[in-house]
Amino acid sequence: MKMMLRYKTGKLPLNFIALGVILLAVSIWRIMVLDWSGIPFLVVSIVLLFIESGVVIDPDSRRVRRYIGLFTVTKGEWEDVSSLINLQIIRSRESRTMNFISISRTETNDTYKLYIKLPNRSIELMSGKKEDIQSRAEEIASALKASVVNNAG
């Protein structure tokens, strides 16, 4: 039996999810008043609410697939990682600026990223909190029989 590792890595940002909820309410209201123009709003809201991204790792065939999916339909191509050198964890600082009228706020966070290091390039698998990335890196390294290099400091 084939063992596959599956990780969900994200959804759309919160403002798109809020837009999806608003469009869902508008579509239900339009359909209830028997105006079929609510159907396109319903379709768009379903996409905004349920689209997600993730990573599938096939350790037996030594390949990785990053995907974008809606329910059970996924889109993404397999990448060969048979020449894997190691897995790397890197810490990066991400800044986000939010402006509202004349008020500006900048937020800086540490984000940890997990990469598969190949001889000629690196593939970013996922990003997140330190503990999550470290535990996932150990699990993936065990399945791929590779080492983990923690450059996060």
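Heads up: the structure comes first, above all this text.
Here's what I pulled together on the structure shown here. Computed from a predicted model, the values in this text were never measured in an experiment. (Residues numbered from 1 in each chain as written. Predicted model: local features only at pLDDT ≥ 70, side-chain atom pairs only at ≥ 80, totals over all residues. Heavy atoms only, no water.)

**Some points on the sheet that holds strand 7 (residues 103–117)**
Across the sheet, which stays open at both edges, the 4 strands sit in the order 8-7-6-9 with mixed pairing between neighbours. On the outer flanks of this sheet lie strand 8 (122–128) and strand 9 (148–150), each paired with one strand and no other. Direction aside, the axes of adjacent strands within the sheet are offset by 35° on average. Pairing of strand 7 with strand 8 involves 6 bridges; the strand directions are antiparallel. For Ile116, the partnering residue across the bridge sits in strand 8 and is Ile123. In this fold helix 3 (residues 130–144) packs onto strand 6 (86–100), strand 7, strand 8 and strand 9, with an angle of close to 135° to the strand it touches most, strand 8. (Pairing = 2+ DSSP bridges. Helix = DSSP H or I, 4+ residues; strand = E, 2+ residues; numbered from the N terminus. Axes fitted to C-alpha atoms, helices over the stretch in contact; angles between N-to-C directions. Contact = heavy atoms within 4.5 Å.)

**Regarding the packing of aromatic side chains**
Summed over the entire model, instances satisfying the criterion amount to 1 aromatic pair. With a centroid separation of 5.2 Å and 35° between ring planes, the pair formed by Phe50 and Phe71 is classed as tilted. Of the two residues, Phe50 is situated in helix 2 (residues 38–50) and Phe71 in the loop between strand 3 (63–70) and strand 4 (73–75); the sequence distance between them amounts to 21 residues. Using a relative accessible area of 40% as the deciding quantity, one classes Phe50 as partly exposed. For Phe71, a relative accessible area of 54% gives the class exposed. In this arrangement the basic side chain of Arg63 is found over the ring face of Trp78, its NZ or CZ atom lying 4.0 Å from the centre. (Phe/Tyr/Trp six-rings, centres within 6.5 Å; stacked < 30°, edge-to-face > 60°. Buried < 20%, exposed > 50% of the residue type's maximum accessible area, 1.4 Å probe, protein only. Lys NZ or Arg CZ within 6 Å of the ring centre and 35° of its normal.)

**Describing the nonpolar core**
Across soluble globular proteins, nonpolar side chains have a tendency to be buried as a group. One finds Ile57, Val64, Leu114, Ile116, Leu125, Met126 and Ile140 to be the most contacted residues of the largest nonpolar core, which totals 22 residues. Mapped by element, the contributors of at least two residues to this core are strand 1 (5–11), strand 2 (51–58), strand 6, strand 7, strand 8 and helix 3. Broken down by element, this core gets its largest block of residues, 6 residues, from helix 3. Here Val64 is in contact with Val55, Val56, Ile57, Glu77, Trp78, Glu79, Val81, Ile116 and Leu125, once residues within four sequence places are set aside. (Core = buried A, V, L, I, M, F, W, Y, C linked by side-chain atoms within 4.5 Å.)

**Quick look at the environment of Phe41**
Along the chain, the position of Phe41 falls in helix 2. Classification of Phe41 as partly exposed rests on a relative accessible area of 34%. In sequence terms Phe41 and Val26 are 15 residues apart; their C-alpha atoms lie 7.1 Å from each other.

**Section: the pattern of salt bridges**
Tallied over the full model, the rule gives 6 salt bridges. A salt bridge links Glu52 to Lys8, with the shortest nitrogen-to-oxygen separation between them at 3.8 Å. In this pair, Glu52 is assigned in strand 2 and Lys8 in strand 1, connecting sequence segments 44 residues apart. We classify Glu52 as buried; its relative accessible area is 17%. The class for Lys8 is exposed, based on a relative accessible area of 56%. (Salt bridge = Lys/Arg side-chain N within 4 Å of Asp/Glu carboxyl O.)

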